[in-house]
Amino acid sequence: MEIESVKCECCGLKEDCTQEYIRDVKAKFDGKWLCGLCSEAVRDEVNRGKRPFAMEEAVKAHMSFCGKIKSNPAVRVADGMRQMLRRRSTDLSSSSNKYNSRSNTTSQVTDSSTFQLH
């Protein structure tokens, strides 16, 4: 099984893939190799709207879109991950604050024992 480095023809992201996988992807996308993210975007473009695009039109539209964005695809992926982690961190800290406010309470049990929740 031979591994080959291949570059997405839309965004320029490089991946190491088997030759068989590369052939399969090219067969689906009008002879062009697309990374996973771009292939999903093209599939969505084909299936959306009132008049679905032909695969060739969808690939061209997505390539045009990617051409307009000048930044490195790895930087865009990293920015997306950073935003996701930042949102997740904010969600966790707000959840944590809810639990912390409860943890400082004292509870009384009927046998007159006092427990502190931590």
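Look up: the structure comes first, before these words.
Residues numbered from 1 in each chain as written. Predicted model: local features only at pLDDT ≥ 70, side-chain atom pairs only at ≥ 80, totals over all residues. Heavy atoms only, no water.

A.B. asks: Would you mind going over the overall build of the protein with me for this structure?
C.D. replies: Helix and strand counts for the protein come out as 4 helices and 4 strands. Each helix (α) and strand (β) of the protein, taken in turn from the N terminus, gives the series β-β-α-α-α-α-β-β. Counting across all 118 residues of the protein, residues that qualify as buried make up 19%. Contacts spanning at least 24 positions in sequence make up 31% of the contacts within the protein whose residues lie at least 6 apart. (Helix = DSSP H or I, 4+ residues; strand = E, 2+ residues; numbered from the N terminus. Buried < 20%, exposed > 50% of the residue type's maximum accessible area, 1.4 Å probe, protein only. Contact = heavy atoms within 4.5 Å.)

A.B. asks: How should helix H3 (residues 55-68) be read in this particular structure?
C.D. replies: Think of an α-helix as 3.6 residues a turn; residues three or four steps apart then line up on the same face. The end-to-end C-alpha distance of H3, which contains 14 residues, comes to 20 Å, matching closely the 20 Å that a straight helix rising 1.5 Å per residue would cover. Ala58, Val59, His62 and Cys66 are the residues of H3 that are buried. All buried residues of H3 fall inside an arc of 100° around its axis, so they share one side. Of the exposed residues in H3, the ones pointing more than 90 degrees away from its buried face are Lys60 and Lys68. (Expected span 1.5 Å × (residues − 1). Arc of directions from axis to C-beta.)

A.B. asks: Honestly, the state of the cysteines in this entry has me stumped. Any pointers?
C.D. replies: Per the counting criterion, the structure on display carries 0 disulfides. Not part of a disulfide, cysteine 8 finds its nearest cysteine sulfur in cysteine 11, a span of 3.8 Å. Just so you know, cysteine 11 is unpaired, no disulfide at all, and the nearest cysteine sulfur is the one on cysteine 35, 3.7 Å from it. Cysteine 11 gets classed as buried once you look at its relative accessible area, which sits at 16%. (Disulfide = S-S within 2.5 Å.)

A.B. asks: So what exactly am I meant to see when it comes to the pattern of salt bridges here?
C.D. replies: Pairing between side chains of opposite charge can happen when the charged atoms of each approach one another. Scanning the entire structure with this criterion turns up 2 salt bridges. When the shortest N-O distance is used, the salt bridge between arginine 43 and glutamate 40 registers 2.5 Å. Taken together, the positions of arginine 43 and glutamate 40, both in helix H2 (residues 36-47) and 3 residues apart, correspond to about one turn of that helix. Linking glutamate 56 and lysine 60 is a salt bridge whose minimum nitrogen-to-oxygen distance equals 3.3 Å. Here glutamate 56 pairs with lysine 60, and both are found in helix H3, just 4 residues apart, close to one helical turn. (Salt bridge = Lys/Arg side-chain N within 4 Å of Asp/Glu carboxyl O.)

A.B. asks: What should I look at first to understand the pairing of strand S1 (residues 3-7) in this one?
C.D. replies: With 5 bridges connecting them, S1 and strand S2 (residues 14-18) associate as antiparallel partners. The residue of S2 that forms the bridge with serine 5 is aspartate 16. The hairpin formed by S1 and S2 contains 6 residues between the paired strands, and glycine 12 there has a positive phi angle of roughly 90°. (Pairing = 2+ DSSP bridges.)

A.B. asks: I would appreciate a short explanation of the nonpolar core in the present structure.
C.D. replies: Soluble globular proteins: nonpolar side chains tend toward being buried together. Counting residues in each nonpolar core, the largest one holds 17 residues, and the members touching the most others are Cys8, Trp33, Leu34, Cys38 and Val42. Of all the secondary-structure elements, those providing two or more residues to this core are helix H1 (19-28), H2 and H3. Contact partners of leucine 34, with chain neighbours within four places excluded, come to Cys8, Cys10, Val25, Phe29, Ser39, Val42 and Val59. (Core = buried A, V, L, I, M, F, W, Y, C linked by side-chain atoms within 4.5 Å.)

A.B. asks: Help me understand unusual backbone geometry, please; the structure alone is not making it clear to me.
C.D. replies: Most peptide bonds are trans, and most residues other than glycine sit at a negative phi. At aspartate 30, a position not held by glycine, the phi torsion is positive, near 55°. For aspartate 30, the location among the structural elements is in the loop between H1 and H2.

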